[in-house]
Amino acid sequence: MKGTATVVKNAGSHFLLSELPTWKPFPAVLKGKVRMSGNSSTNPVAVGDVVTYECTVDPDASHPASIVSIHDRKNHLIRRSTNLSRQSHVIAANIDRAFLVVTLYFPEIKLPFLDRLLVTCEVYGIPATIVLNKVDIFKEEFPEEMENFRRIYETAGYEVILTSARTGEGLDRLREAVTGSGGGQVCLFSGESGVGKSSLVKALDPSLDPKVGDISMAHLQGKHTTSLYEMYPLSCGSFMIDTPGLRGFGLVSLKKEEVALYFPEMLRVSGGCRFSPCTHTHEPGCAVKEAVDQGTITAERYSSYLGMLEEDKKFR
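Worth saying up front: this structure is predicted, and the values here are computed from it rather than measured. Every chain is numbered on its own, with residues counted from 1 as its sequence reads. The predicted nature of this model means local features are confined to residues of pLDDT at least 70 and side-chain atom pairs, given and counted, to a pLDDT of 80 or more, with totals for whole chains, interfaces and linings taken over all residues. Just so you know, side-chain values use all the structure's heavy atoms and leave hydrogens and water out.

Colleague: Looking at this model, I keep getting lost on the overall build of the chain. Mind explaining?
Modeller: Secondary structure counts use DSSP, requiring at least four H or I residues in a row for a helix and at least two E residues in a row for a strand, with both numbered from the N terminus. Each helix and strand counted, the chain has eight helices and 15 strands in total. Three exposure classes are used, based on accessible area relative to the maximum for each residue type with a 1.4 Å probe and protein chains only: buried under 20%, partly exposed in between, and exposed over 50%. The burial tally for the chain puts 49% of its 316 residues in the buried class. Every residue pair with non-hydrogen atoms within 4.5 Å of one another is taken to be in contact. The contacts in the chain between residues at least 6 apart in sequence include a share of 66% that link residues at least 24 apart. If you sum the accessible surface of the chain, you get close to 14900 Å²; carbon and sulfur atoms cover 50% of it. Only the protein chains shown count as covering a residue, and every accessible area follows the Shrake-Rupley method with a 1.4 Å probe.

Colleague: Got a minute to help me understand helix α5 (residues 197–204) in this structure?
Modeller: In an α-helix, one turn spans 3.6 residues, which is why side chains three or four residues apart end up on the same side. When α5 is considered as a whole, its buried residues turn out to be K197, S198, L200, V201 and L204. The arc enclosing the buried residues of α5, seen along the axis, measures out at 160 degrees, which places them on a common side. Of the surrounding elements, those touching the buried residues of α5 are β8 (97–102), β9 (128–132), α4 (171–179), β11 (186–191) and β15 (239–242). This arc is built from the directions going out from the helix axis to the C-beta atoms.

Colleague: Explain the packing of aromatic side chains to me, please; I cannot follow it from the model alone.
Modeller: Pairing of aromatic side chains here covers Phe, Tyr and the six-membered ring of Trp, requires ring centres within 6.5 Å, and sorts the geometry by plane angle: under 30 degrees stacked, over 60 edge-to-face, intermediate tilted. Throughout the structure, instances matching the rule amount to ten aromatic pairs. Geometrically, the ring pair formed by Y105 and F138 is edge-to-face, given 6.5 Å between the ring centres and 75 degrees between the ring planes. Of this pair, Y105 sits in the loop between β8 and α1 (111–123) while F138 sits in helix α2 (residues 135–141), and the two are 33 residues apart along the sequence. For Y105, a relative accessible area of 23% corresponds to the partly exposed category. A residue is classified by how much of its surface remains accessible, and F138, at 0% relative accessible area, is buried. Between the aromatic rings of Y105 and F142, the centroid separation amounts to 4.5 Å while the plane-to-plane angle is 45 degrees, which identifies the pairing as tilted. With Y105 in the loop between β8 and α1 and F142 in the loop between α2 and α3 (143–156), this residue pair connects regions lying 37 residues apart in the sequence.

Colleague: I keep staring at unusual backbone geometry and nothing clicks. Help me out?
Modeller: Outside of glycine, negative phi angles account for most residues, and trans bonds account for most peptide bonds. In this structure, the amide linkage connecting L20 to the following residue, P21, adopts the cis form with an omega of 10 degrees. As for its position among the elements, P21 is in the loop between β2 (14–18) and β3 (26–30). A cis amide bond links F106 to the next residue, P107, at an omega of 5 degrees. When you line up the elements, P107 lands in the loop between β8 and α1.

Colleague: Is there a simple way to explain the nonpolar core in this structure?
Modeller: Counting residues in hydrophobic clusters, the biggest one holds 51 residues, and the most contacted among them are L17, L114, I130, L132, F149 and Y153. In terms of residue count, the dominant contributor to this core is α1 (six residues). Residues contacting I130, with those up to four places away along its chain left out, are L100, V102, L114, L118, F149, Y153, Y158, E159, V160 and I161. For the purposes of this section, nonpolar cores are sets of buried Ala, Val, Leu, Ile, Met, Phe, Trp, Tyr and Cys residues that join through side-chain atoms within 4.5 Å.

Colleague: Would you mind going over the pattern of salt bridges with me for this structure?
Modeller: Put simply, a salt bridge is a Lys or Arg side-chain nitrogen that is within 4 Å of an Asp or Glu carboxyl oxygen. Considering all chains together, one arrives at twelve salt bridges under this definition. Between K74 and D96 there is a salt bridge whose closest N-O contact spans 2.5 Å. Taken as a pair, K74 in the loop between β5 (65–70) and β6 (76–80) and D96 in the loop between β7 (88–93) and β8 lie far apart in primary sequence, 22 residues in all. Classification of K74 as exposed rests on a relative accessible area of 54%. In this structure D96 comes out as partly exposed when scored by relative accessible area, which is 26%. Linking R301 and E265 is a salt bridge whose minimum nitrogen-to-oxygen distance equals 2.7 Å. Here R301 is found in helix α8 (residues 299–314), whereas its partner E265 is found in helix α6 (residues 264–269), with 36 residues between them in sequence. Grouping residues by exposure puts R301 and E265 together as buried. Each member of the salt-bridge network shares a partner with another, and the members are D115, E265 and R301.

Colleague: So what exactly am I meant to see when it comes to the pairing of β15 here?
Modeller: Where a strand is regular, its side chains alternate between the two sheet faces. A two-sided burial pattern is seen for β15, the buried positions comprising F239 and I241 on one face and M240 and D242 on the other. Only strands that DSSP links by at least two bridges are regarded as paired with each other. Looking at chain direction, β11 and β15 are connected through four bridges and run parallel. Of the residues in β15, the one forming a bridge with V186 is F239. Here four bridges tie strand β14 (residues 229–233) to β15, and the two strands are oriented antiparallel to one another. Note that in β15 the partner of P233 across the bridge is F239.

Colleague: Explain the packing of α4 against α5 to me, please; I cannot follow it from the model alone.
Modeller: A packed helix pair is summarised by two numbers, namely the angle formed by the two axes and the spacing between the axes. Note on definitions: angles span 0 to 180 degrees between N-to-C directions of axes, and those axes are lines fitted to C-alpha atoms, for helices only across the stretch in contact. Contact geometry for α4 and α5: axes closest at 10 Å, N-to-C directions at 85 degrees. When the interaxial angle is binned, α4 and α5 end up roughly perpendicular. Here L171, L174, R175 and V178 of α4 come into contact with α5, specifically with L200, A203 and L204. Residue type decides the class: Asp, Glu, Lys and Arg count as charged, Ala, Val, Leu, Ile, Met, Phe, Trp, Tyr, Cys and Pro as nonpolar, and the leftover types, Gly among them, as polar. Of the residues contributing to the contact of α4 with α5, the split by class is six nonpolar, no polar and one charged. Working rule for angles: under 35 degrees goes down as roughly parallel, over 145 as roughly antiparallel, 65 to 115 as roughly perpendicular, anything else as oblique.

Any functional reading would require information that these geometric values do not contain.
This is the structure:
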């Protein structure tokens, strides 16, 4: 018997598949040395991949199906190791929208980390929405910082949803974004450890119960509570891929002159640069630098861009 299904859980060498939109997961293993053409990542199969499987009986734990081929992906999110190796890891595949969950503090946000995630989404054509969680705390304690954060990313062209898993603020708007125009979306929830992804998921759909962890007060960083890449069905009809909390996110390889193409606010004005290509660092008549001076491109995003150019040198 042969069929087509989506990978809904990746536990290393073992997988769960389901023939979406039907939710009926069954176990599978990777047959032989199945590899995608040109794939250099550490994991040839990722959650969200559509695969062809074979089985002789109805699959169960004792008789898992065999994954015999991987279909072409429409997109995927990949991260490179933050050390100097060239290894990369595919986080998820065939994503309709990525929701990048962040907090201002507890754990403290690192804008370059978020910007690397956003650039990678742009590279692979994944629409991204930023979810600023725990706003019940920030509105009282850090209102100016919260508004400044929203200004930075809305100016860049991203939707920013303010949420609180504790009070329920913003959950209706987030649920609407996850549902999309007609349901059935595959959404990725990702971010650093401790930002409250699991709490948000449980608040969005109480029928789910992903693990919720405490913040490590020793380092004010979240403990890893999600160790597997896994997809969940949501009551709204969409599907959510939950990922382990990320502590580092190395950029995919980009040529120096390509990095600015994946900053939407820079791309909008770079046609006005005197020189082409333009690195937007030292060239006279640079429309991007002029936009930074005028405030239509924020200094924070421009600083992240310069940091990525330096990172490019480190990896070469």
